[in-house]
Amino acid sequence: MKALIFSIISFSFLFSSSFDFKLKPIKLSDNSYYFYGKKEYFSPSNGGDIANCAFIITKKSVILIDTGSSKEYGEQVKKEIRKITSKPIKYIINTHHHPDHFLGNAAFTNSDIYATEFTKNDIEQNGELYIVNLVNLIHDAMDGTRIKAPNQVLTTETLNFDNYKLKVLYMDGHTESDIVIFDENSKILYTSDLIFNKRTLTTPHANIDEWIKSLYQLEKINYSVLVPGHGIASKTKEPIKENIAYLNFLENTLKDSANKGLDIFEILSKPIPKEFEDFAMFKEEFERSIINLYPSYERNVNK
Amino acid sequence: MKYIFFFIVSLFLAINLHAKNPVSSPTFIDIIKEIIKDDKYIFDDKNIELSVPNFADNPTQVPIFVDGKKIKNATRMILFADLNPIPEIIDMQLGKLLPVVSLNIKVAQETPIRAMILDEKGVWHIGSKNIRSFGGGCSVSSSEAMDTDYSKYLGKTKTNLFQTSSKDIHRLKASIFHPMETGLVFGNSEFYINKILVKKADEVLSEIKTFSPISQNPRFTFETIDNSKNYTIEFYDNDGNEFISESK
Ligand SMILES: [Zn+2]
């Protein structure tokens, strides 16, 4: 019966217009804004709007940090920016290779897109696969999404976009290459997916030790506002501390369980520690992380 | 509208036909007939704990855990997935092993999975769960899925012995590097572990048949009430290779 209702609903979707993300830029400072992505997993009902992206308006142009998960999302970002300024969106930065952060590139035909060489290569090699996966998860909202790979390789520690300077921090841990942008003019720190605020971390390409190291580096920075990859912006260091605590918990759980010879499902049946109870998606992401990461910890027992 | 009505009616009919099967599928009856012929079976989710992920993101590595210890003196355990092109996963003559196993499998699509345990009276108890996944796991070539250099690692094994929370139950975890090719991908012939022997010195504690839907670089967990400090696990593949692993 469910399947029947579902197919009727999806049928009616065929005749409806494109997905409405109802985007509203949130102001961070005079010239800086971000779009808040829902603390959820990809689904047809959120259209893939699960990651944050941000923009900075400079004297001559607009700098966009990440572009969301589809062409349609990128188009609607563009429309919202247009309501605030008519300056051209000349510069885009892709912080890392995850599809919820770069597939909106397709909507920007006249921008230079910056990423590290690793990220650029991964997008070129695996981009199509990411699209296929997201079509499975999001359906219609992916319509028209094609790969638009970065055309500029990030190498310098400072970017100078029409005389607006940004600091680039090259880190890793969430993926093999994560970019953090520090805007010293506004003291806003754009951390990409190295920080999830009150949303459980995703780890498909994670290196836990490297990630923790990166977080300690970020903690030292004197920022006014931190814009995470997922979750709301924060004026405190709390999100960094919470993420360090979670990664330590995850790693200790993996090591301990492997030494005791536990099975994946025995780990997953344990109660959620109190301090992470208010993290969105804890059960789902913790399960994913354990399933992905545990085999390598099991292999390392007694080594 | 007529069609919708017809559809709903046939749906209810289908549900009633499989009233006792907690996760029905069109292939279940045929598969079970083929495996156990006319043996008696009952659905018994109460006594068989079968764990699968809430959603299997990676259809080439889906972890499964079966604990059928509530069925005393079990003699044989078989796992199969109804909708996989090669349904059978593992067939264990338990011997001195308990009806417990953990391993990763490939799924071709969303499918019910069954754990069948034969009790001392000759009745099969069946535990059922549904594996939710987008699938594709059986037709993906192993060597493509991960670029392990098999000439270097093929047959590299490891076996660890653990004490469980229950004093007299010991847990064996064994792993082996092997591509576990299903042969379903054009250009790849089947190449997989098809037999495992669990031994204590020369005594065979259990003989296990395995099939190609088991994931690449398989890892197995078994449990035994045998009280030895040393076990040997022998892996055989369909190409005539033999790999031996001793517990630590
Ligand atoms: Zn990410």
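Position numbers for residues start from 1 in each chain and track the written sequence from start to end. Labels are handed out in written order, letters beginning with A for the chains and numbers beginning with 1 for the ligands. With the structure being a predicted model, the display of local features is reserved for residues of pLDDT at least 70 and the display and counting of side-chain atom pairs for 80 or more, all residues being used for whole-chain, interface and lining totals. Each side-chain value is worked out from all heavy atoms of the structure, with water and hydrogens disregarded.

Q: Help me understand the overall build of chain A, please; the structure alone is not making it clear to me.
A: A helix here means a DSSP run of H or I that spans at least four residues, while a strand means a run of E at least two residues long, and both kinds are numbered starting from the N terminus. A tally of helices and strands in chain A yields eight helices and twelve strands. In terms of overall dimensions, chain A is globule-like: its C-alpha atoms have a radius of gyration of 20 Å, near the 19 Å expected for 303 residues. For the C-alpha atoms alone, the extent of chain A along its principal axes is close to 60 × 55 × 35 Å. Only protein chains enter the area calculation, which uses a 1.4 Å probe; residues under 20% of their type maximum are buried, those over 50% are exposed, and those in between are partly exposed. Counting over 303 residues, chain A shows a buried share of 57%. Whether two residues are in contact is decided by their heavy atoms, any of which lying within 4.5 Å being enough. Counting only contacts in chain A whose residues sit at least 6 apart along the sequence, the fraction spanning at least 24 positions is 67%. In summary, the charge assignment counts Lys and Arg as positive and Asp and Glu as negative, without counting His or the chain termini. A single reference atom marks each charge: NZ on Lys, CZ on Arg, CG on Asp, CD on Glu. The positive charge centre, built from 36 side chains, and the negative charge centre, built from 40, are 6 Å apart in chain A. Our radius of gyration is a C-alpha quantity, and the globule rule it is checked against amounts to 2.2 Å times the number of residues to the power 0.38.

Q: Quick question: what am I supposed to make of the overall build of chain B here?
A: On a plain count of helices and strands, chain B comes out with four helices and 15 strands. Within the span of chain B, comprising 248 residues, buried residues form 53% of the whole. Nonlocal contacts in chain B, meaning residues at least 24 apart in sequence, comprise 66% of its contacts between residues at least 6 apart. For chain B, the accessible area works out to roughly 12,100 Å², and carbon and sulfur atoms hold 54% of it. Using a 1.4 Å probe, accessible areas were evaluated by the Shrake-Rupley method; residue-level cover was limited to the displayed protein chains.

Q: Looking at this structure, how should I read the pattern of salt bridges?
A: When the charged atoms of two side chains lie near each other, side chains of opposite charge can form a pair. Residues and elements named next belong to chain A. Only one rule defines a salt bridge in this text: a Lys or Arg side-chain nitrogen within 4 Å of an Asp or Glu carboxyl oxygen. Using the criterion set out here, one finds 23 salt bridges over all chains in the structure. With its nearest N and O atoms 2.9 Å apart, the salt bridge here joins Lys198 to Asp278. With Lys198 in the loop between β11 (188-196) and α5 (208-219) and Asp278 in the loop between α7 (264-268) and α8 (282-299), this residue pair connects regions lying 80 residues apart in the sequence. For Lys198, a relative accessible area of 26% puts it in the partly exposed group. The residue Glu285 makes a salt bridge to Arg288 at a minimum N-O spacing of 3.2 Å. In this pair, Glu285 and Arg288 are both assigned in helix α8, three residues apart and thus about one turn of the helix distant. Take Arg288: its relative accessible area is 17%, and that puts it in the buried class.

Q: For this particular structure, what's the right way to read the coordination of the zinc ion?
A: Note on metal sites: the ideal angle is 109.5 degrees for four tetrahedral donors, and 90 or 180 degrees for six octahedral donors. All names here are of chain A. Ligating atoms shown are N, O and S within 2.8 Å of the metal, or 3.2 Å for Na, K and Ca, and water is not included, meaning a site may look less than complete. For the zinc ion, the protein coordination sphere consists of His96 (NE2), His98 (ND1), His174 (NE2) and Asp193 (OD), at 2.1 to 2.2 Å. For the zinc ion, the four donor atoms in the first shell make angles of 88 to 167 degrees at the metal, so the coordination geometry reads as irregular. The motif formed by the donor residues of the zinc ion, counted along the single chain, is H-x1-H-x75-H-x18-D. In this pair, His96 sits in the loop between β5 (89-93) and α3 (99-102) while Asp193 sits in strand β11, placing the two residues 97 residues apart along the sequence. Only two sets of limits are used to name each site, 85 to 135 degrees for every angle of a tetrahedral four-donor site, and over 155 degrees for opposite donors with all other angles from 65 to 115 for a square planar four-donor or octahedral six-donor site, with any other site named irregular.

Q: Help me out: how do you make sense of the pairing of strand β5 (residues 88-93) of chain B in this one?
A: Looking down a regular strand, the side chains alternate between one sheet face and the other. Residue and element names in this part refer to chain B. Where strand β4 (residues 76-81) and β5 come together, five bridges link them in antiparallel fashion. Bridge pairing links Arg76 to Gln93 in β5. Here, any two strands with at least 2 DSSP bridges between them count as paired. From the end of β4 to the start of β5, which pair antiparallel, there are six residues. In terms of strand pairing, β5 meets strand β12 (residues 203-210) through four bridges, oriented antiparallel. Residue pairing in the sheet places Met92 in a bridge with Ile208 of β12.

Q: Any chance you could explain the sheet that holds β5(A) here in plain terms?
A: Sheets are built from strands paired through backbone hydrogen bonds, the pairs being either parallel or antiparallel. Residue and element names in this part refer to chain A. Spatial strand order, β1-β2-β3-β4-β5-β6-β7: seven strands in an open sheet with mixed pairing. Since the sheet does not close on itself, it has two edges, and those belong to β1 (26-29) and β7 (152-153), each with one partner. In terms of strand pairing, strand β6 (residues 112-115) meets β7 through two bridges, oriented parallel. Looking across to β7, one finds that Ala115 is bridged to Val153. Geometry is summarised by axes, namely lines fitted to C-alpha atoms with helices restricted to the contacting stretch, and by angles between N-to-C directions that run from 0 to 180 degrees. Along the sheet face, helix α2 (residues 71-84) touches β2 (32-35), β3 (53-57), β4 (62-65) and β5 and points at about 30 degrees away from the line of β3.

Q: Help me understand the interface of chain A and chain B in this model?
A: How big an interface is tends to be stated in terms of the accessible area lost upon association of its parts. Contact with chain A, which involves 24 residues of that partner, is made by 26 residues of chain B. Once two parts are joined, some of their accessible surface, as seen by a 1.4 Å probe, is lost; buried area is that loss totalled over both. For the pair chain A and chain B, the summed buried surface comes to about 2,100 Å²; carbon and sulfur atoms form 53% of the total. The tally of links between chain A and chain B comes to four salt bridges. Here Glu298(A) makes a salt bridge to Arg219(B), at a shortest N to O gap of 2.4 Å. Contacts described as polar in this section are N or O atom pairs within 3.5 Å, which, within protein, must combine one atom able to donate a hydrogen with one able to accept it, while residues neighboring in sequence count only if both atoms come from side chains. The interface formed by chain A and chain B holds eleven residue pairs in polar contact (both at pLDDT 80 or more) in total. Taken together, the elements giving at least two residues each to the side of chain A that touches chain B come down to α4 (117-138), α6 (238-260), α7 and α8 of chain A. With seven residues, the top contributor of residues to the side of chain A that touches chain B is α8(A).

Q: Please explain the nonpolar core as it appears in this structure.
A: Buried together is how nonpolar side chains tend to be arranged in soluble globular proteins. As used here, the term nonpolar core means buried Ala, Val, Leu, Ile, Met, Phe, Trp, Tyr and Cys residues forming a set that is joined through side-chain atoms within 4.5 Å. In terms of nonpolar packing, the biggest core is built from 45 residues, with Leu218(A), Ile290(A) and Tyr294(A) touching the most fellow members. Ignoring any residue separated from it by four or fewer positions in sequence, one finds Tyr294(A) in contact with Leu254(A), Ser257(A), Ala258(A), Gly261(A), Leu262(A), Asp263(A), Ile264(A), Ile267(A), Ser289(A) and Lys173(B). Residues Leu50(B), Val62(B), Val107(B) and Tyr192(B) belong to the second largest nonpolar core, which totals 42 residues.

Q: How should the confidence of the model for chain A be read in this particular structure?
A: Interpretation of the predicted coordinates at a detailed level should be avoided for regions scoring low in pLDDT. Every residue gets a pLDDT, meaning the predictor's confidence in that residue, from 0 to 100. Confidence in the prediction for chain A averages 94 pLDDT; 94% of positions are at 70 or higher. In this model residues 8-15 of chain A is a low-confidence stretch, pLDDT under 50, and it forms one contact with partners more than four residues away in sequence or in other chains.

Q: Sorry, what's going on with the environment of Gly37(A) here?
A: Residue and element names in this part refer to chain A. Topologically, Gly37 is positioned in the loop between β2 and β3. Residue Gly37 is classed as buried on the basis of its relative accessible area of 0%. Sequence-wise, Gly37 and Leu103 are 66 residues apart; in three dimensions their C-alpha atoms are separated by 14 Å. Those residues in contact with Gly37 that lie beyond four places of it in its chain are Asp49, Ile50, Ala51 and Asn52.

Q: Looking at this model, I keep getting lost on the side chain of Arg114(B). Mind explaining?
A: Along the chain, Arg114(B) turns up in strand β7 (residues 111-118). At 2.7 Å, the side chain of Arg114(B) forms a polar contact with the side chain of Asp82(B).

Q: Could you clarify how one ought to interpret the packing of aromatic side chains in this entry?
A: In this description, an aromatic ring pair is defined by two values, namely the gap between the centres and the angle between the planes. Residues and elements named next belong to chain A. Stacked, tilted and edge-to-face are the three classes assigned to paired rings of Phe, Tyr and Trp, where Trp is represented by its six-membered ring and a pair needs centres within 6.5 Å; plane angles under 30 degrees give stacked, over 60 edge-to-face, the rest tilted. In this structure the tally under the stated criterion is 26 aromatic pairs over all chains. Centroid distance Tyr246 to Phe279: 6.0 Å. Interplanar angle 45 degrees. Geometry classified as tilted. Taken together, the positions of Tyr246 in helix α6 and Phe279 in the loop between α7 and α8 put the pair 33 residues apart, joining distant regions of the chain. With relative accessibility at 0%, the residue Tyr246 sits in the buried group. Residue classification places Phe279 among the buried residues on the basis of a relative accessible area of 5%. Here the guanidinium or amino end of Lys78 rests over the ring plane of Phe108, the centre of that ring lying 5.5 Å away. The side chain of Arg288 reaches across the aromatic face of Tyr41, ending 3.9 Å from its centre. Cation placement over rings: the criterion is NZ of Lys or CZ of Arg within 6 Å of the ring centroid and within 35° of the ring normal.

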